[in-house]
Amino acid sequence: MIIALKKGIRAEEQERLIQWLESQGVRTHISVGEFQTIVGLVGDTTRIDTDLIRGLEFVEGVTRISEPFKKANRKFHPDDTVVRVEGTDAAFGGGAFQLIAGPCSVESEAQVETIARSVKASGAGVLRGGAFKPRTSPYDFQGLHEEGIRILSEVKKLTGLPIITEIMDIAHLPLFEDVDIIQVGARNMQNFELLKELGRIRKPILLKRGLANNIKELLMSAEYIMAGGNEQVILCERGVRTFETYTRNTLDLSAVAVLHELSHLPVVVDPSHATGAARYVKPMALAAAACGADGLMIEVHNDPPRALCDGPQSLTPEQFDDVAKAVRKVRDAILND
Ligand code: PEP
Ligand code: MN
């Protein structure tokens, strides 16, 4: 349920209303917008008498939210959420756009440093690299684990780029202290115990859409993190599995428009895992920028044919530079529209 308050409400009136609502056993979430203050209620609202609240002179309106996701709902928080990376200029949402780039997996310090320096020069604001890799086969390279995170932290110190890497097991969380954004991969989108634990920390989480999950399920997974109090969630569309075989997945760009309508959370697109082929990354990156994505996550490798993971979809640093330039042109065109 949301309660829209009239503009001139006095602080004491607002405070009294909140106290009363909380005494009814619900939690409140206040969103101060440019034109209105919204009080969102979570919990069991069945006992709340909406007519009573509607009758208060400082209340503009009361609406029950029919969707099962509340905190992630735009009705709850009409303005875009801007997710900021602490201690850096990197931000996602509300007009802020970010390029995340780097190798699929961390292979060596020299590799990550070379890639980081080049993607930074091309305009990337966040460095990616997998240390724990969710691979279909147990015989494939599984990542450097703790050593991979140490390398990312070292390259962060050398380049100043904040880092994002994927968590697969909550037991590994202590290793993620220096990680700026924690990624939940497609395969873990519905690992609810992991999501609940990530709700307890105060760090941005990039939540990827599952291989065969719909938009509502993605939002419900974001809700798990937000329900714990961590509201810094970035959603990521990375393609879903369909009957199509020419691409690794099918990139659902309509999800960007739908998510922006339903939710206030920023939405990033990953054209690398969506297509599985380097030659399709540029057109899909441009399309994602054109439809209003708040950022892109792109795999870049210094030597794609020799990559230990996802070489066929990885761009060379030169190809990434070309994509970054073209994306800027699309962004300028839509911003000046
Ligand atoms: C990744 O980003 O390295 C990854 C494994 O992606 P996804 O979870 O989207 O498959
Ligand atoms: Mn990958």
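Scoring rules and cut-offs
Residues numbered from 1 in each chain as written. Chains lettered and ligands numbered in written order. Predicted model: local features only at pLDDT ≥ 70, side-chain atom pairs only at ≥ 80, totals over all residues. Heavy atoms only, no water. Helix = DSSP H or I, 4+ residues; strand = E, 2+ residues; numbered from the N terminus. Rg over C-alpha atoms; globule rule 2.2 N^0.38 Å. Buried < 20%, exposed > 50% of the residue type's maximum accessible area, 1.4 Å probe, protein only. Phe/Tyr/Trp six-rings, centres within 6.5 Å; stacked < 30°, edge-to-face > 60°. Donors = N, O, S within 2.8 Å, 3.2 Å for Na, K, Ca; no water. Near = heavy atom within 4 Å. Polar contact = N/O pair within 3.5 Å; in protein donor to acceptor, adjacent residues only side chain to side chain. Areas by Shrake-Rupley, 256 points an atom, 1.4 Å probe, with all protein chains shown as cover. 1 Å grid on protein atoms, 1.4 Å probe; cavity = no way out; pocket = protein on both sides within 12 Å on 5 of 7 lines; lining within 4 Å. Sits in = over half its atoms within 2 Å of the grid points.

1. Focus on the overall build of the protein
Tallying secondary structure elements over the protein gives ten helices and 14 strands in all. Relative to its length of 337 residues, the protein is compact, with a C-alpha radius of gyration of 21 Å against a globular reference of 20 Å. Its C-alpha atoms give the protein principal-axis dimensions of about 70 × 45 × 45 Å. Considering the protein as a whole, with its 337 residues, one finds that 54% of them fall into the buried category.

2. A look at the packing of aromatic side chains
Scanning all chains against the criterion turns up two aromatic pairs. Each ring, one from Phe132 and one from Phe176, has its centre 6.3 Å from the other, and the planes form 20°; the classification is stacked. One end of the pair, Phe132, is in the loop between strand E8 (126-128) and helix H4 (146-159); the other, Phe176, is in the loop between strand E9 (163-166) and strand E10 (181-184), with 44 residues separating them in the sequence. Here Phe176 falls in the buried class, since its relative accessible area comes to 1%. With a centroid separation of 4.6 Å and 25° between ring planes, the pair formed by Phe192 and Tyr224 is classed as stacked. Separated by 32 residues along the polypeptide, Phe192 in helix H5 (residues 192-200) and Tyr224 in helix H6 (residues 215-227) bring together distant segments of the chain. Residue classification places Phe192 among the partly exposed positions, given a relative accessible area of 30%.

3. Comments concerning the coordination of the manganese ion (ligand 2)
Distances from the manganese ion (ligand 2) to its protein donors, Cys104 (SG), His273 (NE2), Glu299 (OE) and Asp310 (OD), fall at 2.0 to 2.4 Å. Between consecutive donors of the manganese ion (ligand 2), the numbers of intervening residues give the motif C-x168-H-x25-E-x10-D. A residue pair is termed long-range when its members are at least 10 positions apart, and Cys104 in the loop between strand E7 (98-102) and helix H3 (109-121) and Asp310 in the loop between strand E14 (295-299) and helix H10 (317-335) qualify at 206 residues. In terms of burial, Cys104 and Asp310 fall into one category: buried.

4. A word on the site of ligand 1
In the vicinity of ligand 1, the contacting residues are Arg128, Lys133, Pro134, Glu166, Gln183, Gly185, Ala186, Arg187, Lys208, Arg238, His273 and Glu299. Take Arg128: an N or O atom from its side chain is 2.8 Å from an oxygen atom of ligand 1. Taking Lys208, its side chain carries an N or O atom lying 2.8 Å from an oxygen atom of ligand 1. Surface burial for ligand 1 is 97%, taken as the share of its 290 Å² of free accessible area covered by protein chains. Put simply, ligand 1 lies in the largest pocket.

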